[in-house]
Amino acid sequence: MTEIIIKGLKEHIGPGDIVGALTNEADISGNQIGNIDFKNKIALVEIEDSVSEKVAKVMDDNQIAGVTVNVEQDNDFRDKLEQVEDYLEKYEHLVELEREEEMRRHESEIKHLSGYEREEKGRAILHLRGRDEGQGLAGKFLVKFMRNHKGEELPDNEISIGDLVMLSKNEPLNDDNPTGTVVEQTNYSVTVAFDNKPLGFVYGKDLRMDLYVNDITFQRMLDALEELRVATGRLDELKDKLLGLSGLNFSETPEIEFFNEQLNQPQQKAVKSALAADDFFLVHGPPGTGKTTTAIEILQQAVEEEQSILATADSNTAVDNIVERLVEQDVEVLRVGHPVRVNPLLREHTLDYVIEEHPKYQKAVELREKAYDLLEQQEEHTHPSGKWRRGMSNGQIRSLAEDGKGSRGVPPEKIQDMAQWLKLQDKIDELFEKVERLEDEAVQELIDRADVVCSTNSTAGSEVLSGQEFDLLVVDEATQATEPSALIPLTKAKKVVLAGDHKQLPPTILNEEAKQKGLAKSLFERLLEVHGSEIKQVLNLQYRMNQDIMNFSNREFYDGQLEAAPAVKDWQLSDLDLELPDGNAPAEQALNREEVISFLDTCGMEVSEHSKKDSTSVQNEMEADLVEEIVGQVSRTGIDLTEVAVITPYQDQVELINKLVAAEEIEIDTVDGFQGREKEVIIFSLVRNNERKNIGFLKDIRRLNVSLTRAKKKLIIIGDSDTIARHQVYNNLTNYVEKHGFYYEL
Ligand SMILES: Nc1ncnc2c1ncn2[C@@H]1O[C@H](COP(=O)(O)OP(=O)(O)OP(=O)(O)O)[C@@H](O)[C@H]1O
């Protein structure tokens, strides 16, 4: 027996349909068919060896029970199926772990912060009252929550549609508190759907709502995984390729004219290869090498070819960056996403904004208002409820009303009044149906009209984009997205280009087990591992840093492939019109010496790191004082302070330095928060200084790479070589600065 694979089945198709179709269409007898095994929408059917080829040929693109199916012979298929299932189950499990961790963190915050503090952070809303809104879709119980005081706006908050929230009265941590999903939201109210009838208190006053988990993104990840599981056609092919079950295809490299004439050789090559790739392509862009610049050119070229295009990134900031740069190039962009989360300067490109101008949407607004008027009119009539309905069907009420009759003790006038209510209901239903259709059409027309649709990875899974297919998906900052997150837009695409740098920081994962088991790994990295360097182009000319700042990272992380563009390779702080200090104090020397990289080593000084009570973070007062001293020197040079930043791996150190440094223009941030950014001068406080030589999460040397590649003209590092230099790369760093920079033992 040989196994043939039938793909694209529908739920209603059973073994009988398959046997029927095969015996009829392929002219074989029932006893030439063996076991039939169903896996989702796929059937694995055993066929006698002598006829299996014929069956596969006849049945491919043929119909079974009215459904067109794909049929092939593939002896490795069962194996592949298992691999796919292992992959999907693994990620479903990891997403679930992360989701649970997020809930735990919210619980812990609810425990440790007051309600007001949570409200301040936007993760709780206090002083609410609940109003019963009846039952909604799938029998869920709907409750609308508003402030106790009528007409009072809700405070700013992070809660959004799809999130799981918890309702409480006085006891925010009570196990019995009901949780439900946010289904509707305005400035004044949040409507929540509960699976079961919630406890009576939610219909009262003085309630508190807590964000429990930002669930929508997790749900969309799980939906994307499920889509992969039942994928057919192009998505099925992409799935095989991303798992390495089949190879990649490339078409001929196109001859093109570049929109951006400044693109350098590797950038041009990346654009051409990305266009030639049929399935996946990676643009590997080390810091400052023009990753986004290259991605923009790829998008413009695809627009020129009239492809339908989706461009995404994990964060709203990164998406806004793409939107801004596309708009500069006169590309017609449609930005999908909540306008509140979009840069105000770009709001005119959001779907919510442009749709207001669409005639069909305007008509929908008009009809909706009509429907609301009718709803009001309806209140003047009798609702056909149990009390008055007395078991009568709508049809009976209508025909009794027509005949002017009463029934079951209900007088004729009451029946007529109920019939009037029903008549209005019909009109209301019809209006809402029209509203929905008009809105859908308006959205579709706007999507079709746009050259490029832009959204976050998560929002690519939103209702407005459901059912859309794109010829090309470009994901920027792809190494900062988890694999399931990148899968959300991928399920809509025929071809995928990812731009990123896996040598910089991966996405933040809260759950340690999920992180260890691979959730922090991006799709970019998977593809690189599976398909090797054929799938990528490295951009190796960087436009950010003096070459001495670049070179350490170049050697440690990029195999020496990076080059500094001529314009930047020798630039220095003294090129700016500044008054550099002329003293010999270390903080002064760090600024006035020619060397662009300095290391102020605190190795001989007292051990000085410590953790605050209940904090997993670390701080170092001695380093903070030094930072303050250097900032003082920098400020006196007359430099534009918005061109200076202090970065450090630890949040508590950020807070400590923030207290010491008065100049508000100077950004002080964690390394993770500063990824993707740059400044003329960077002061980097390493913090770790302990007898145990413990360097905590500095062990992730990608964090060091990010830290060392933010400064354009001056990088000042403060750290304790005794603690850090146990680690080889940090040891290399101190050696490097001794040789190529200004190294000073305090
Ligand atoms: N071919 C080029 N010629 C001149 N300047 C360029 C070129 N390519 C990129 N740049 C400049 O280099 C800077 C970095 O470019 P871009 O923002 O595209 O890089 P990136 O790799 O996405 O950066 P990051 O690593 O910070 O994410 C920009 O100021 C851009 O204008």
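By the naming in an unreviewed UniProt entry, the protein is DNA helicase, taken from Halanaerobacter jeridensis. Its UniProt record gives the protein a comment under Sequence similarities (unreviewed entry), which states: "Belongs to the DNA2/NAM7 helicase family." Within the UniProt record for the protein, the comment given under Subcellular location (unreviewed entry) is "Cytoplasm".

Enquirer: Requested: an account of the sheet that holds strand S2 (residues 33–39), with residues and values cited.
Expert: Taken in spatial order, the four strands line up as S2-S3-S1-S6 in an open sheet, and their pairing is antiparallel. Whereas interior strands pair on both sides, the edge strands pair on one side only; in this sheet they are S2 and strand S6 (70–73). On average, each strand axis in the sheet is inclined to that of its neighbour by 20°, with strand direction left out of account.

Enquirer: Residue-level account of helix H9 (residues 316–328), with values.
Expert: Between the first and last C-alpha of H9 there are 18 Å, a value that for 13 residues agrees with the 18 Å anticipated at 1.5 Å per step. Considering only its buried residues, H9 is in contact with helix H8 (291–304), strand S14 (309–313), strand S15 (333–335) and strand S16 (452–456). Positive backbone phi, approximately 60°, marks Asp330, located one or two places after H9.

Enquirer: Provide a residue-level description of the sheet that holds strand S9 (residues 164–168), including the pertinent values.
Expert: Strand order in this closed barrel of six strands is S7-S8-S11-S10-S9-S12, and the pairing throughout is antiparallel. Direction aside, neighbouring strands of the sheet carry axes that sit 50° apart on average. Here strand S8 (residues 141–147) runs beside strand S11 (residues 189–194); their pairing, made up of six bridges, is antiparallel. Bridging across to S11, Leu142 finds its partner in Ala193. Along the sheet, helix H3 (residues 77–112) contacts S9 and strand S12 (207–213); its crossing angle with S12, the most-contacted strand, is approximately 145°.

Enquirer: So what's going on with the packing of helix H18 (residues 547–557) against helix H26 (residues 728–740)? Residues and values would help.
Expert: Interaxial distance between H18 and H26 falls to 11 Å at its minimum, and their mutual angle equals 150°. By the angle class used here, H18 and H26 are roughly antiparallel. The chirality of how H18 crosses H26 is right-handed. Counted together, Gln547, Asp548, Asn551, Phe552, Arg555 and Glu556 of H18 and Val729, Asn732, Leu733, Tyr736 and His740 of H26 form the full contact between these two elements. In terms of residue class, the contact of H18 with H26 is built from four nonpolar, four polar and three charged.

The rules behind these values
- Residues numbered from 1 in each chain as written.
- Predicted model: local features only at pLDDT ≥ 70, side-chain atom pairs only at ≥ 80, totals over all residues.
- Heavy atoms only, no water.
- UniProt positions renumbered as here; feature names shortened; annotations may be inferred.
- Pairing = 2+ DSSP bridges.
- Helix = DSSP H or I, 4+ residues; strand = E, 2+ residues; numbered from the N terminus.
- Axes fitted to C-alpha atoms, helices over the stretch in contact; angles between N-to-C directions.
- Expected span 1.5 Å × (residues − 1).
- Contact = heavy atoms within 4.5 Å.
- Parallel < 35°, antiparallel > 145°, perpendicular 65-115°, else oblique.
- Left-handed = near helix turned anticlockwise from the far one by under 90°.
- Nonpolar A, V, L, I, M, F, W, Y, C, P; charged D, E, K, R; others polar.

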